[in-house]
Amino acid sequence: MEALKIHIPDNEQYRELGAYIESVRNMPGPLINVLHKAQGIFGYLPMEVQAFISRELDIPLSTVYGVVTFYNFFSMTPRGKYVINVCMGTACYVKGAGKVVDYFKDELKVGEGETTEDNLFTLTTARCFGACGLAPVLMVNEDVYGHVDRKKVTEILKKYRSLG
Amino acid sequence: MAHRMNVLVCSGASCISNNSLKVKEALLAEIERLDLKREIKVIETGCMGPCQLGPVLLVYPDETLYKKVQVADVREIVEQHFLKGRPVERLMYKSPLTDELVHKSRDVDYFKKQYKIVLANCGSIDPESLDEYIAVGGYEALGKALTEMNPDSVLDEIKISGLRGRGGGGFPTHLKWMFTKNEKSKEKYVICNADEGDPGAFMDRSVIEGDPHTLIEGMAIAGYVVGASKGYIYVRAEYPLAIERLEKAIAQAKETGFLGENIFQTDFSFDLEVRVGAGAFVCGEETALIHSIEGKRGTPRPRPPYPSASGVWGKPTVLNNVETYANVRHIILNGGAWMAKIGTETSKGTKVFALSGTIKNTGLAEVPMGTTIRELIYDIGGGAPEGHEIKAVQLGGPSGGCVTPEYFDTPIDYESLTALGAMMGSGGVIAMDETACMVNTAKFFLDFTCFESCGKCVPCRVGLKQMYGILDKITKGEGEEEDIEALETLGKTIKATALCGLGQTAPNPVLSTIKFFRHEYEEHIFEKKCRALVCKDLISYEINKDACKACTLCAQKCPVDAIKGERGVVHEIQQEKCISCGNCYDVCPFGAVMRLSGEN
């Protein structure tokens, strides 16, 4: 069988990842740390990034791919500039998180896990953020918004649209 | 130099998202403006517990608790209270029972029935300051263990204390430690499970964010007992602030010599490393967590061998959760007998619960074991909001079950909750009122566990999917008579045959809702009725002709043009077109849209 040939460009992003890999080379079991770093640099984990990690860490590509697809946090598709992450933990669910997701679907015209055409927003859901006291809760990148209702959804989108 | 006044600003995750950091900035600016810097100190603390009241400020020595403080309130607080000594009453807590102002934070109902051991420092010290931790007795327990005790005598104290795992299982901590200690191996490890995945539980997050050194100290003592020189803290990626504070605390401890080589000039050396999870609920299971630390897919494996014999990198490993380790320093300082006096016959000490759902006071509460469910949700939680009634509380997350009001006087301990079909779990308490549909709630949990099932064993991978399918059918009004029995048979089989804790407990929410709310299942199946008006396919919408003001707002918002009528002509919903989306119900300013179920 022909080996998978993937072209890996030589650029600043790969050099940064390469330097990180060097720094953890002697650490046991570094794969998940490296994947976190890579997703931080590239925003997602396309096949060529996984191939690069596989080569540098000398771990089979199938193993890297297996780990990437196992964990919810890792994504193989590009994300929007703002990732809207609606908490679907029990407390939020009881307080209407399902409706919050529907409001976003309605306003953004995308489904769960999808990105808007202008690459501004990605709509996702997550398991409990541990901010149940504020249910329903969502995060836009690192910012937390609590007690979200329809009005707040509109306000949030307006705010990030104006930031561009 | 001592300050005349200390102002504690809660910077738990909840308060931060309600702007507490901006409030803190405003406080500092105002204090600077009035030149009070030498008299008043502002301290950022971890979660104080009453998240519903956030952002919360606590002013010492007066013990004044301010609630819902915003930037605009800051000037008044500083000028009136800090400068002139007149507390700002409009921002103080009022007892909902007597409507009177509460002047001392310790008299606030929410705190009165609590007993803080694990959360003792949360909300009272600056989590980023090692000095403050030391000032409240930090690392004294580690010093005492290393210089005045030997591993056996430390283990004895843990045994006497009766401490059991706070992550859910309730396994006696001293046994875990003893098994690992007795293994002959040069290399051993201590792991902390901070992959707090149960939806509705956030105590581990609060301990790490509010008092990270307590965890470090507890783990170092565990390392001393079992003979380990390295530890890992596995934290979920969803908790960036916890990770940041933990990394900072570890660096401080290393710098000061509480971690590293020859701690307290003894032969004991211990180092800690944070490993960040990547979003997989199953990694809360110990063997899956160990695989994840090793950089692999987080799938569980059959036990034995238990981690105490073969854990991370195949070496003997002791693994506990955050709250368990947070108890350790208190046991060493006060003696095991002290903790054994708190709690019930089988469950000693305290437990932290996270209150959420339809309850007045959401937040964290630490109570002695043996406190009743009623005390927890009414005396501390304040009960349901006005006009609502709690019909069940869900304990133990997706692995637990619900408990109904007739059992609310049950004292909380590991055994009594399991006997009710619920479980202690990690301590998530979610209150539900009449607006929650129990069939749909069960379906929600199954959706969660189906998604999070790692797929390794058949009962969990296939069985849960089958159960979900049946529940889905019932909520869509397509349920059949034999469905309830099929759910029970499947549930019991999965419990008996699944590989790990996830599968073995996943049917619990279904079995327990069938046990307590069988009538709701039957209504869905036989009457096509959802009494909570949640299940979309069983609801129809109608317009109350007497209340409709013919404003056309509902017609404008209807995505399928199912609403007839125009200005001045009362609206009507054409049932054959309606998709039950509920938009009209949400937008009607007059409450004229009615939701009906099972009334045909």
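K.L.:
Please give an account of the packing of helix 2 (residues 31-42) of chain A against helix 3 (residues 47-57) of chain A that cites residues and values.
P.N.:
Residue and element names in this part refer to chain A. Relative to each other, helix 2 and helix 3 sit at 140°, their axes nearing to 11 Å. On the basis of their axis angle, the class for helix 2 and helix 3 is oblique. Helix 2 and helix 3 meet at a crossing whose hand is right-handed. Every residue of helix 3 that contacts helix 2 at Leu 31, Val 34, Leu 35, Ala 38 and Phe 42 is listed here: Val 49, Ile 53 and Leu 57. Considering only residue class, the contact of helix 2 with helix 3 consists of eight nonpolar, no polar and no charged.

K.L.:
Give a description of the pattern of salt bridges that names residues and reports values.
P.N.:
Residue and element names in this part refer to chain B. The full count for this structure, using the stated rule, is 44 salt bridges over all chains. For Lys 24, the salt bridge is made with Glu 44, and the minimal N-O distance between the two is 2.8 Å. Taken together, the positions of Lys 24 in helix 2 (residues 20-33) and Glu 44 in strand 2 (residues 40-45) put the pair 20 residues apart, joining distant regions of the chain. When its relative accessible area of 19% is taken as the criterion, Glu 44 is described as buried.

K.L.:
An account of the sheet that holds strand 7 (residues 271-276) of chain B is needed here, citing residue identities and associated values.
P.N.:
Residue and element names in this part refer to chain B. As summarised here, the arrangement of the four strands in space is 7-6-5-8, forming an open sheet in which the pairing is parallel. Every interior strand has two partners, whereas the edge strands, strand 7 and strand 8 (317-321), have only one. Neighbour-to-neighbour, the strand axes of this sheet turn through a mean angle of 20°, independent of strand direction.

K.L.:
Please provide a residue-by-residue account of the packing of aromatic side chains, values included.
P.N.:
Scanning all chains against the criterion turns up 21 aromatic pairs over all chains. Relative to Tyr 160 of chain A, the ring of Tyr 145 of chain A has its centre 6.4 Å away and its plane inclined at 85°; by these criteria the two rings are edge-to-face. Remark: Tyr 160 of chain A occurs in helix 7 (residues 150-163) and Tyr 145 of chain A occurs in strand 4 (residues 143-145); sequence separation between them is 15 residues. Accessibility assignment for this pair places Tyr 145 of chain A and Tyr 160 of chain A in one class, buried. With 5.5 Å between their ring centres and 75° between their planes, Tyr 224 of chain B and Phe 268 of chain B make a pair best called edge-to-face. A residue pair is termed long-range when its members are at least 10 positions apart, and Tyr 224 of chain B in helix 10 (residues 212-226) and Phe 268 of chain B in the loop between helix 11 (240-256) and strand 7 qualify at 44 residues. As far as the burial class goes, Tyr 224 of chain B and Phe 268 of chain B line up, both buried. Chaining the aromatic ring pairs together yields one cluster made of Tyr 82, Phe 121, Tyr 145 and Tyr 160 of chain A.

Parameters at a glance
Per chain, residues are indexed from 1 in the order of the written sequence. Chain A is the first chain written and ligand 1 is the first ligand written, with later ones labelled in order. Totals for whole chains, interfaces and linings use every residue, but because this is a predicted model, local features are given only for residues with pLDDT of at least 70 and side-chain atom pairs only at 80 or more, for both listing and counting. Only hydrogens and water are removed before side-chain values are computed, so all heavy atoms of the structure are retained for them. Inter-axis angles, ranging from 0 to 180 degrees, are taken between N-to-C directions of lines fitted to C-alpha atoms, where helices are fitted over the stretch in contact. Strands are runs of DSSP state E lasting at least 2 residues, helices are runs of H or I lasting at least 4, and numbering of each runs from the N terminus. If an angle is under 35 degrees, it is roughly parallel; if it is over 145, roughly antiparallel; if it lies from 65 to 115, roughly perpendicular; otherwise it is oblique. By convention the crossing between two helices is left-handed if the near helix lies anticlockwise of the far one by an angle smaller than a right angle, and right-handed if it lies clockwise. What makes two residues a contact is simply this: any of their non-hydrogen atoms within 4.5 Å. Gly is put with the polar residues, along with every residue not named as nonpolar or charged; the nonpolar set is Ala, Val, Leu, Ile, Met, Phe, Trp, Tyr, Cys and Pro, and the charged set is Asp, Glu, Lys and Arg. Every case where a carboxyl oxygen of Asp or Glu lies within 4 Å of a side-chain nitrogen of Lys or Arg is listed as a salt bridge. Each residue is placed in one exposure class: buried if its accessible area under a 1.4 Å probe, protein chains only, is under 20% of its type's maximum, exposed if it is over 50%, and partly exposed if it falls in between. Pairing between two strands requires that DSSP report at least two bridges joining them. Pairs were defined over the aromatic rings of Phe, Tyr and Trp, the Trp ring being its six-membered one, requiring ring centres within 6.5 Å. Orientation was assigned from the angle between planes: stacked under 30 degrees, edge-to-face over 60, tilted for the rest.

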